[in-house]
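Take a look at the letters that make up each chain.
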Amino acid sequence: MKRLVAPSILSGNFAEMGKDVKNMNEIGADWIHVDVMDGVFVPNLTFGFKMISDLRPLSKLFFDVHLMITEPKRYVERFVKSGADLVSFHYEAEQDIVGTIEIVKNAGCKCGLAVNPDTDIGAVAPYMDKLDLVLVMSVFPGFGGQKFIEGSLDRIAAVKELRDKCNGTALIETDGGVTLENAAEIYSAGADVLVAGNAVFGAKDRKYAVDAIRGKDCL
(Lines give C-alpha, C1' and ligand atoms only; values in the text may rest on other atoms or scores of the structure.)
Protein backbone atom coordinates (compact mmCIF):
# COMPACT_ATOMS: atom_id res chain seq x y z
CA MET A 1 0.00 0.00 0.00
CA LYS A 2 1.24 3.44 -0.93
CA ARG A 3 0.82 6.56 1.19
CA LEU A 4 0.60 9.52 -1.14
CA VAL A 5 -0.59 13.03 -0.31
CA ALA A 6 -2.23 15.17 -3.00
CA PRO A 7 -2.88 18.74 -1.79
CA SER A 8 -5.85 20.29 -3.56
CA ILE A 9 -5.08 23.70 -5.05
CA LEU A 10 -8.77 24.54 -4.76
CA SER A 11 -7.83 25.49 -1.19
CA GLY A 12 -4.89 27.60 -2.35
CA ASN A 13 -4.81 31.35 -2.93
CA PHE A 14 -6.15 31.97 -6.43
CA ALA A 15 -4.25 35.27 -6.58
CA GLU A 16 -0.98 33.40 -5.92
CA MET A 17 -1.70 30.04 -7.52
CA GLY A 18 1.70 29.77 -9.20
CA LYS A 19 3.45 30.43 -5.91
CA ASP A 20 1.33 27.83 -4.14
CA VAL A 21 2.06 25.20 -6.80
CA LYS A 22 5.80 25.85 -6.51
CA ASN A 23 5.47 25.54 -2.74
CA MET A 24 4.07 22.02 -3.12
CA ASN A 25 7.45 20.99 -4.55
CA GLU A 26 9.24 22.47 -1.55
CA ILE A 27 7.11 20.84 1.15
CA GLY A 28 7.34 17.32 -0.27
CA ALA A 29 3.84 16.79 -1.63
CA ASP A 30 3.51 13.70 -3.84
CA TRP A 31 0.83 14.95 -6.25
CA ILE A 32 -1.07 18.16 -6.95
CA HIS A 33 -4.83 17.67 -7.04
CA VAL A 34 -6.70 19.95 -9.45
CA ASP A 35 -10.46 20.23 -8.96
CA VAL A 36 -12.28 21.28 -12.14
CA MET A 37 -15.92 22.28 -11.57
CA ASP A 38 -18.40 23.46 -14.20
CA GLY A 39 -21.25 24.91 -12.14
CA VAL A 40 -23.59 22.29 -13.63
CA PHE A 41 -22.55 18.89 -12.28
CA VAL A 42 -21.67 20.68 -9.05
CA PRO A 43 -22.87 24.11 -7.82
CA ASN A 44 -19.51 25.81 -8.13
CA LEU A 45 -17.07 27.04 -10.78
CA THR A 46 -13.30 26.74 -10.57
CA PHE A 47 -10.87 26.66 -13.49
CA GLY A 48 -10.17 24.92 -16.77
CA PHE A 49 -7.61 24.14 -19.43
CA LYS A 50 -5.63 27.39 -19.34
CA MET A 51 -5.08 27.36 -15.60
CA ILE A 52 -3.64 23.86 -15.82
CA SER A 53 -1.44 24.61 -18.83
CA ASP A 54 -0.12 27.77 -17.15
CA LEU A 55 0.67 25.92 -13.92
CA ARG A 56 2.20 22.87 -15.59
CA PRO A 57 5.68 24.41 -16.20
CA LEU A 58 5.94 25.40 -12.54
CA SER A 59 6.10 21.88 -11.13
CA LYS A 60 7.32 18.40 -12.01
CA LEU A 61 4.86 16.89 -9.55
CA PHE A 62 2.13 14.55 -10.77
CA PHE A 63 -0.96 16.55 -11.82
CA ASP A 64 -4.06 14.72 -10.60
CA VAL A 65 -6.98 16.37 -12.44
CA HIS A 66 -10.43 15.68 -11.00
CA LEU A 67 -13.26 16.58 -13.37
CA MET A 68 -16.54 17.47 -11.72
CA ILE A 69 -18.21 18.31 -15.00
CA THR A 70 -21.08 17.08 -17.16
CA GLU A 71 -20.30 15.02 -20.26
CA PRO A 72 -16.60 14.67 -19.48
CA LYS A 73 -16.06 12.61 -22.63
CA ARG A 74 -16.23 15.85 -24.62
CA TYR A 75 -13.33 17.42 -22.74
CA VAL A 76 -11.01 14.77 -21.33
CA GLU A 77 -8.54 14.86 -24.23
CA ARG A 78 -8.12 18.63 -23.87
CA PHE A 79 -7.34 18.23 -20.18
CA VAL A 80 -4.68 15.67 -21.03
CA LYS A 81 -3.15 18.10 -23.52
CA SER A 82 -3.21 20.88 -20.93
CA GLY A 83 -0.81 18.91 -18.73
CA ALA A 84 -2.73 16.33 -16.68
CA ASP A 85 -0.88 13.16 -15.67
CA LEU A 86 -4.12 11.53 -14.55
CA VAL A 87 -7.70 12.52 -15.36
CA SER A 88 -10.55 11.32 -13.16
CA PHE A 89 -14.17 11.78 -14.18
CA HIS A 90 -17.41 10.99 -12.36
CA TYR A 91 -19.40 7.83 -12.89
CA GLU A 92 -22.54 9.90 -12.34
CA ALA A 93 -21.67 12.39 -15.10
CA GLU A 94 -21.01 10.09 -18.05
CA GLN A 95 -23.00 7.37 -19.81
CA ASP A 96 -20.12 6.07 -21.92
CA ILE A 97 -17.68 5.08 -19.18
CA VAL A 98 -15.58 2.70 -21.30
CA GLY A 99 -15.37 5.12 -24.22
CA THR A 100 -14.22 7.94 -21.94
CA ILE A 101 -11.58 5.75 -20.32
CA GLU A 102 -10.30 4.79 -23.76
CA ILE A 103 -10.03 8.42 -24.87
CA VAL A 104 -7.93 9.27 -21.82
CA LYS A 105 -5.71 6.21 -22.22
CA ASN A 106 -5.27 6.72 -25.97
CA ALA A 107 -4.15 10.29 -25.25
CA GLY A 108 -1.30 8.84 -23.18
CA CYS A 109 -2.71 9.63 -19.76
CA LYS A 110 -3.71 7.63 -16.70
CA CYS A 111 -7.43 7.45 -15.96
CA GLY A 112 -9.50 7.43 -12.81
CA LEU A 113 -13.19 6.98 -12.05
CA ALA A 114 -14.80 8.95 -9.21
CA VAL A 115 -17.91 7.92 -7.28
CA ASN A 116 -20.11 10.09 -5.09
CA PRO A 117 -20.98 9.11 -1.49
CA ASP A 118 -24.47 7.93 -2.52
CA THR A 119 -23.32 5.80 -5.48
CA ASP A 120 -23.09 2.05 -4.94
CA ILE A 121 -19.44 1.04 -4.84
CA GLY A 122 -20.31 -1.93 -7.04
CA ALA A 123 -20.71 0.52 -9.91
CA VAL A 124 -16.94 0.60 -10.41
CA ALA A 125 -16.56 -3.18 -10.60
CA PRO A 126 -17.01 -3.56 -14.40
CA TYR A 127 -14.23 -1.05 -15.04
CA MET A 128 -11.72 -1.95 -12.35
CA ASP A 129 -9.30 -3.72 -14.71
CA LYS A 130 -9.23 -0.67 -17.01
CA LEU A 131 -8.58 1.97 -14.37
CA ASP A 132 -5.44 3.44 -12.88
CA LEU A 133 -7.33 4.96 -9.95
CA VAL A 134 -10.69 4.87 -8.19
CA LEU A 135 -11.61 8.10 -6.43
CA VAL A 136 -13.91 7.54 -3.47
CA MET A 137 -15.57 10.82 -2.56
CA SER A 138 -15.92 11.17 1.21
CA VAL A 139 -17.97 14.37 0.81
CA PHE A 140 -20.42 15.45 -1.85
CA PRO A 141 -18.42 17.24 -4.55
CA GLY A 142 -18.58 20.95 -5.15
CA PHE A 143 -17.03 22.70 -2.16
CA GLY A 144 -13.90 22.45 -0.04
CA GLY A 145 -13.84 22.38 3.74
CA GLN A 146 -16.55 19.76 4.26
CA LYS A 147 -16.59 17.17 7.02
CA PHE A 148 -15.63 13.55 6.28
CA ILE A 149 -18.83 11.53 5.82
CA GLU A 150 -19.33 8.69 8.25
CA GLY A 151 -19.35 5.38 6.44
CA SER A 152 -16.70 6.39 3.90
CA LEU A 153 -14.15 4.06 5.49
CA ASP A 154 -16.37 1.07 4.70
CA ARG A 155 -16.69 2.27 1.11
CA ILE A 156 -12.92 2.55 0.76
CA ALA A 157 -12.52 -0.96 2.13
CA ALA A 158 -15.13 -2.23 -0.34
CA VAL A 159 -13.21 -0.76 -3.27
CA LYS A 160 -10.01 -2.38 -2.01
CA GLU A 161 -11.82 -5.73 -1.85
CA LEU A 162 -13.04 -5.31 -5.43
CA ARG A 163 -9.55 -4.39 -6.60
CA ASP A 164 -7.97 -7.36 -4.84
CA LYS A 165 -10.55 -9.77 -6.26
CA CYS A 166 -9.73 -8.82 -9.83
CA ASN A 167 -5.98 -8.51 -9.18
CA GLY A 168 -6.24 -4.89 -10.22
CA THR A 169 -3.52 -2.31 -9.84
CA ALA A 170 -5.70 0.79 -9.54
CA LEU A 171 -4.79 3.14 -6.74
CA ILE A 172 -7.55 4.13 -4.32
CA GLU A 173 -7.89 7.84 -3.67
CA THR A 174 -10.06 9.58 -1.07
CA ASP A 175 -11.20 13.18 -1.38
CA GLY A 176 -13.10 15.17 1.22
CA GLY A 177 -12.70 15.97 4.88
CA VAL A 178 -9.17 14.59 5.21
CA THR A 179 -7.42 15.85 8.34
CA LEU A 180 -4.24 15.12 10.27
CA GLU A 181 -6.44 13.33 12.80
CA ASN A 182 -8.27 10.92 10.46
CA ALA A 183 -5.61 10.29 7.82
CA ALA A 184 -4.20 7.16 9.45
CA GLU A 185 -7.56 5.37 9.59
CA ILE A 186 -8.31 6.34 5.97
CA TYR A 187 -5.03 4.79 4.84
CA SER A 188 -5.74 1.75 7.03
CA ALA A 189 -9.12 1.28 5.32
CA GLY A 190 -7.31 0.84 2.00
CA ALA A 191 -6.66 4.28 0.52
CA ASP A 192 -3.37 4.91 -1.27
CA VAL A 193 -3.80 8.63 -2.02
CA LEU A 194 -5.36 11.26 0.23
CA VAL A 195 -6.52 14.57 -1.17
CA ALA A 196 -6.03 17.30 1.40
CA GLY A 197 -7.22 20.86 0.95
CA ASN A 198 -7.57 23.00 4.06
CA ALA A 199 -5.52 20.50 6.07
CA VAL A 200 -2.47 21.56 4.03
CA PHE A 201 -3.20 25.04 2.71
CA GLY A 202 -4.70 26.20 5.99
CA ALA A 203 -1.79 24.91 8.07
CA LYS A 204 0.82 27.20 9.60
CA ASP A 205 3.47 24.66 8.60
CA ARG A 206 2.46 23.01 5.33
CA LYS A 207 5.40 20.63 5.27
CA TYR A 208 4.54 19.38 8.74
CA ALA A 209 0.94 18.89 7.62
CA VAL A 210 1.92 16.80 4.58
CA ASP A 211 4.32 14.68 6.63
CA ALA A 212 1.76 14.20 9.38
CA ILE A 213 -0.97 13.14 6.93
CA ARG A 214 1.40 10.65 5.36
CA GLY A 215 2.30 9.35 8.81
CA LYS A 216 5.93 10.37 8.78
CA ASP A 217 7.49 11.13 12.15
CA CYS A 218 7.56 14.91 12.25
CA LEU A 219 9.15 15.32 15.68
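Residues numbered from 1 in each chain as written. Predicted model: local features only at pLDDT ≥ 70, side-chain atom pairs only at ≥ 80, totals over all residues. Heavy atoms only, no water.

Peer 1: Is there a simple way to explain the overall build of the protein in this structure?
Peer 2: Along its length, the protein carries 8 helices and 8 strands. Counting only C-alpha atoms and orienting by the principal axes, one finds that the protein spans roughly 45 × 35 × 30 Å. Each of the 219 residues in the protein was classed as buried or not, and the buried ones make up 53%. Just so you have it, the protein exposes about 9,800 Å², and 49% of that area is on carbon and sulfur atoms. Here the protein carries 24 positive and 31 negative side-chain charges, and the mean point of each set is 6 Å from the other. (Helix = DSSP H or I, 4+ residues; strand = E, 2+ residues; numbered from the N terminus. Buried < 20%, exposed > 50% of the residue type's maximum accessible area, 1.4 Å probe, protein only. Areas by Shrake-Rupley, 256 points an atom, 1.4 Å probe, with all protein chains shown as cover. Lys, Arg positive; Asp, Glu negative; His and termini not counted. Charge placed at Lys NZ, Arg CZ, Asp CG, Glu CD.)

Peer 1: Got a minute to help me understand the environment of E150 in this structure?
Peer 2: Positionally, E150 belongs in the loop between β6 (133–137) and α5 (152–165). Distance in space between the C-alpha atoms of E150 and M137 is 12 Å, their sequence separation being 13 residues.

Peer 1: Just checking my understanding: could you explain the sheet that holds strand β2 (residues 31–37) for this structure?
Peer 2: Each strand in a sheet pairs with its neighbour through backbone hydrogen bonds, running either in the same direction (parallel) or in the opposite one (antiparallel). In spatial order, the strands read β1-β8-β7-β6-β5-β4-β3-β2; together these 8 strands make up an open sheet with parallel pairing. The two strands at the open ends of the sheet, each matched to only one other strand, are β1 (4–7) and β2. Here the average twist between neighbouring strands, direction ignored, is 25°. Pairing between strand β7 (residues 171–175) and strand β8 (residues 193–196): 3 bridges, direction parallel. Along β8, the bridge assignment pairs E173 with V193. Relative to strand β5 (residues 110–115), helix α4 (residues 97–106) is tilted by about 145°, and along the sheet it contacts β4 (86–90) and β5. (Pairing = 2+ DSSP bridges. Axes fitted to C-alpha atoms, helices over the stretch in contact; angles between N-to-C directions. Contact = heavy atoms within 4.5 Å.)

Peer 1: Could you clarify how one ought to interpret the packing of aromatic side chains in this entry?
Peer 2: Here the distance between the centres and the angle between the planes together describe a pair of aromatic rings. According to the stated counting rule, one finds 3 aromatic pairs in the structure shown. Arranged with centres 4.4 Å apart and planes meeting at 45°, the rings of F49 and F79 form a pair that is tilted. With F49 in helix α2 (residues 49–55) and F79 in helix α3 (residues 76–82), the pair connects residues that are 30 residues apart, well separated along the chain. If you follow R56 out to its NZ or CZ, it ends over the ring of F63, 3.7 Å from the centre. (Phe/Tyr/Trp six-rings, centres within 6.5 Å; stacked < 30°, edge-to-face > 60°. Lys NZ or Arg CZ within 6 Å of the ring centre and 35° of its normal.)

Peer 1: Help me out: how do you make sense of the side chain of R56 in this one?
Peer 2: Here R56 is to be found in the loop between α2 and β3 (62–68). Reaching out from R56, the side chain makes a polar contact with the backbone oxygen of G83 at a distance of 3.1 Å. Reaching out from R56, the side chain makes a polar contact with the side chain of D85 at a distance of 2.8 Å. Excluding its chain neighbours within four sequence positions, the residues that come into contact with R56 are L61, F63, S82, G83 and D85. (Polar contact = N/O pair within 3.5 Å; in protein donor to acceptor, adjacent residues only side chain to side chain.)

Peer 1: Teacher, can you tell me more about the environment of M51 here?
Peer 2: Here M51 shows up in helix α2. On the basis of relative accessible area, M51 is assigned to the partly exposed category, the value being 25%.

Peer 1: Would you take a moment to explain α5 for this structure?
Peer 2: Residue pairs spaced three or four apart in an α-helix point in one direction, given the helix's 3.6 residues per turn. In this model, α5 (14 residues) spans 20 Å end to end at C-alpha, consistent with the 20 Å of a helix rising 1.5 Å per residue. Looking at α5, one finds that the buried residues are S152, R155, I156, V159 and R163. End-on, the buried residues of α5 take up no more than an arc of 100°, which puts them together on one face. Counted as exposed and oriented over 90 degrees from the buried face of α5: D154 and K165. (Expected span 1.5 Å × (residues − 1). Arc of directions from axis to C-beta.)

Peer 1: Is there a simple way to explain the pairing of β4 in this structure?
Peer 2: By the criterion of burial, β4 is predominantly enclosed, with 5 of the 5 residues buried. Where burial is concerned, the two faces of β4 agree: the one with L86, S88 and H90 and the one with V87 and F89 are both buried. The sheet contact formed by β3 and β4 spans 3 bridges and is parallel. For H66, the partnering residue across the bridge sits in β4 and is S88. Handedness of the crossover is the feature at issue here: the chain leaves β3, passes through α3, returns alongside β4, and the resulting connection is right-handed. For the segment spanning β4, α4 and β5, crossover handedness is right-handed. (Right-handed = clockwise from strand over helix to strand, strands pointing away.)

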